[in-house]
Amino acid sequence: MAGVSDVARAVNGRGELVLRRREGDGALELRVNGVFVMDDRETSSEALLASVALAAVLRPERVLVGGLGLGYTVRALLTDQRVGEVLVAEIEPELVQWMRDGVLPSVLDDQRVSVEVGDVRDVVAGQPAGSLDGILLDVDNGPDFLVYNENAVIYESSFLAVCKDRLRPGGVLTVWSSSSSEPLQAAVQQVFGHCEVQPVPVNLQGRDETYYVYQGNS
Ligand SMILES: C[S@@+](CC[C@H](N)C(=O)[O-])C[C@H]1O[C@@H](n2cnc3c(N)ncnc32)[C@H](O)[C@@H]1O
């Protein structure tokens, strides 16, 4: 494709994962099966996902993040010295390897970070009840623009209830979405009894858009 150059590429059972450099603005971009996932130019909402969670928790000692992406949510968490452990669930092994190999700037060399390669549903389910201070979910473009159809359940009350069970009292769930979603808001409300919605204005390659963060406290 004109105007871009591949930095790394992998093909696995879920399809094609590509990390590429845009020639115009030099941005690093992640795509799955040709669909834009994110770039390293507009990362304010990924960081905000971390900051709203940190602001809502008194003692953010142990936090789970799904998924890794380019690492901006994890990086923002690590700036808070109260955070003792960040467990990252990432489904794409190649993305984790690229970060380990230095193909993209790493957040994995901080001793507080560990990664479990797998589906965030399994990683969350595998945690003991009441063992997490925060669960931050940014695994897809939100319930209305899925990259992986299997991720639809991540935004539904059945999985959000599993998340709530794994949170300590006072713990927080935050969910990123590229669009406003009433069903997601209703699901958080149903499970947590309330839902804070934070719109995040962003500029995507010259286009004004709004992303959203949904939050519930246990
Ligand atoms: C939008 S990116 C995350 C961006 C991240 N918040 C950041 O700051 O860079 C979504 C990530 O979730 C991963 N992913 C997608 N579905 C997943 C799942 N079911 N479980 C775990 N990771 C998943 C993708 O491979 C991708 O790395």
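For the structure, see preceding data.
All figures in this text were calculated on a predicted structure; none of them were measured in a lab.

Caption draft 1: Geometry of the environment of Gly142. Position of Gly142 relative to the elements: it lies in the loop between strand S8 (132-137) and helix H5 (157-166). On the basis of relative accessibility, which here comes to 0%, the residue Gly142 falls in the buried class. Taking the C-alpha atoms as reference, Gly142 lies 8.5 Å from Ala152; in sequence the two are ten residues apart. In this structure, Gly142 is in contact with Tyr155, Trp176, Ser177 and Ser178, ignoring residues within four places of it in sequence.

Caption draft 2: View of the pairing of strand S10 (residues 196-204). For S10 and strand S11 (residues 207-217), the ladder comprises nine bridges, and the chain directions are antiparallel. The residue bridging Asn203 from the neighbouring strand is Asp208, located in S11. Linking S10 back to S11 in an antiparallel pair, the connection comprises two residues, with Gln205 at a positive phi of about 45°.

Caption draft 3: Fine view of the nonpolar core. Leu19, Val74, Leu77, Val86, Trp98 and Leu136 are the most contacted members of the largest nonpolar core, which has 44 residues in total. Element by element, the count of residues in this core is highest for helix H1 (residues 44-56), at six residues. Other than its neighbours up to four places away in sequence, Trp98 contacts Ala8, Arg9, Ala10, Leu17, Leu19, Val103 and Leu104. Ranked by size, the runner-up nonpolar core spans 25 residues in total, among them Cys163, Leu184, Val191 and Tyr214.

Caption draft 4: Molecular detail of the site of the ligand. The immediate surroundings of the ligand are formed by 23 residues, with Leu70, Thr73, Glu90, Val120 and Asp138 found nearest. At 2.9 Å from a nitrogen atom of the ligand is found a main-chain nitrogen or oxygen belonging to Val120. Look at the ligand: alone it shows 600 Å² of surface, and the protein chains cover 98% of it. Taken together, the residues that form the shell around the ligand break down as twelve nonpolar, six polar and five charged.

Caption draft 5: View of the pairing of S8. Along S8, six of the six residues are buried, which leaves the element largely enclosed by surrounding structure. Across four bridges, the pairing between strand S5 (residues 62-66) and S8 is parallel. Bridged to Val63 within S8 is Gly134. In this structure, S8 lies alongside strand S9 (residues 167-177), joined through five bridges in parallel fashion. Following the sheet pairing, Leu137 is matched in S9 by Val175. With H5 bridging S8 and its parallel neighbour S9, the resulting β-α-β unit is right-handed.

Caption draft 6: Structural context of unusual backbone geometry. Of the consecutive residues Gly66 and Gly67, the connecting peptide bond is found in the cis state with omega at -5°. Turning to its location among the elements, Gly67 is positioned in the loop between S5 and helix H2 (72-78). Although it is not a glycine, Asn33 sits at a positive phi angle of roughly 50°. Relative to the elements of secondary structure, Asn33 occurs in the loop between strand S3 (28-32) and strand S4 (35-39).

Caption draft 7: Local environment of the sheet that holds strand S7 (residues 113-117). Read across the open sheet, the seven strands follow the order S7-S6-S5-S8-S9-S11-S10; overall the sheet is mixed. Because the sheet does not close on itself, it has two edges, and the strands there are S7 and S10. Between one strand axis and the next, the sheet turns by 20° as a mean value, whatever way the strands run. Sitting on the sheet, H1 touches S8, S9, S10 and S11, and the angle it makes with S9 is about 160°. On top of the sheet, helix H3 (residues 93-100) reaches strand S6 (85-90) and S7; it is set at about 150° to S7, its chief contact.

Caption draft 8: Focus on the state of the cysteines. Counted according to the given criterion, the structure contains zero disulfides. The cysteine Cys163 is free of any disulfide, with Cys195 supplying the nearest cysteine sulfur at 13 Å. For Cys163, a relative accessible area of 0% translates into the label buried. Cys195 sits in the buried class, given a relative accessible area of 13%.

Caption draft 9: Quick look at H3. Within H3, burial applies to Leu95, Val96, Trp98 and Met99. Down the axis, H3 shows its buried residues gathered within 160° of arc, on one side only. Next to the buried residues of H3 lie strand S1 (4-12), strand S2 (15-22), S3, S6 and S7. Positive phi appears at Gly102, one or two residues downstream of H3, with a value of about 80°.

Calculation notes
- Residues numbered from 1 in each chain as written.
- Predicted model: local features only at pLDDT ≥ 70, side-chain atom pairs only at ≥ 80, totals over all residues.
- Heavy atoms only, no water.
- Helix = DSSP H or I, 4+ residues; strand = E, 2+ residues; numbered from the N terminus.
- Buried < 20%, exposed > 50% of the residue type's maximum accessible area, 1.4 Å probe, protein only.
- Contact = heavy atoms within 4.5 Å.
- Pairing = 2+ DSSP bridges.
- Core = buried A, V, L, I, M, F, W, Y, C linked by side-chain atoms within 4.5 Å.
- Near = heavy atom within 4 Å.
- Polar contact = N/O pair within 3.5 Å; in protein donor to acceptor, adjacent residues only side chain to side chain.
- Areas by Shrake-Rupley, 256 points an atom, 1.4 Å probe, with all protein chains shown as cover.
- Nonpolar A, V, L, I, M, F, W, Y, C, P; charged D, E, K, R; others polar.
- Right-handed = clockwise from strand over helix to strand, strands pointing away.
- Axes fitted to C-alpha atoms, helices over the stretch in contact; angles between N-to-C directions.
- Disulfide = S-S within 2.5 Å.
- Arc of directions from axis to C-beta.

On their own, these measurements won't tell you what the molecule is for.
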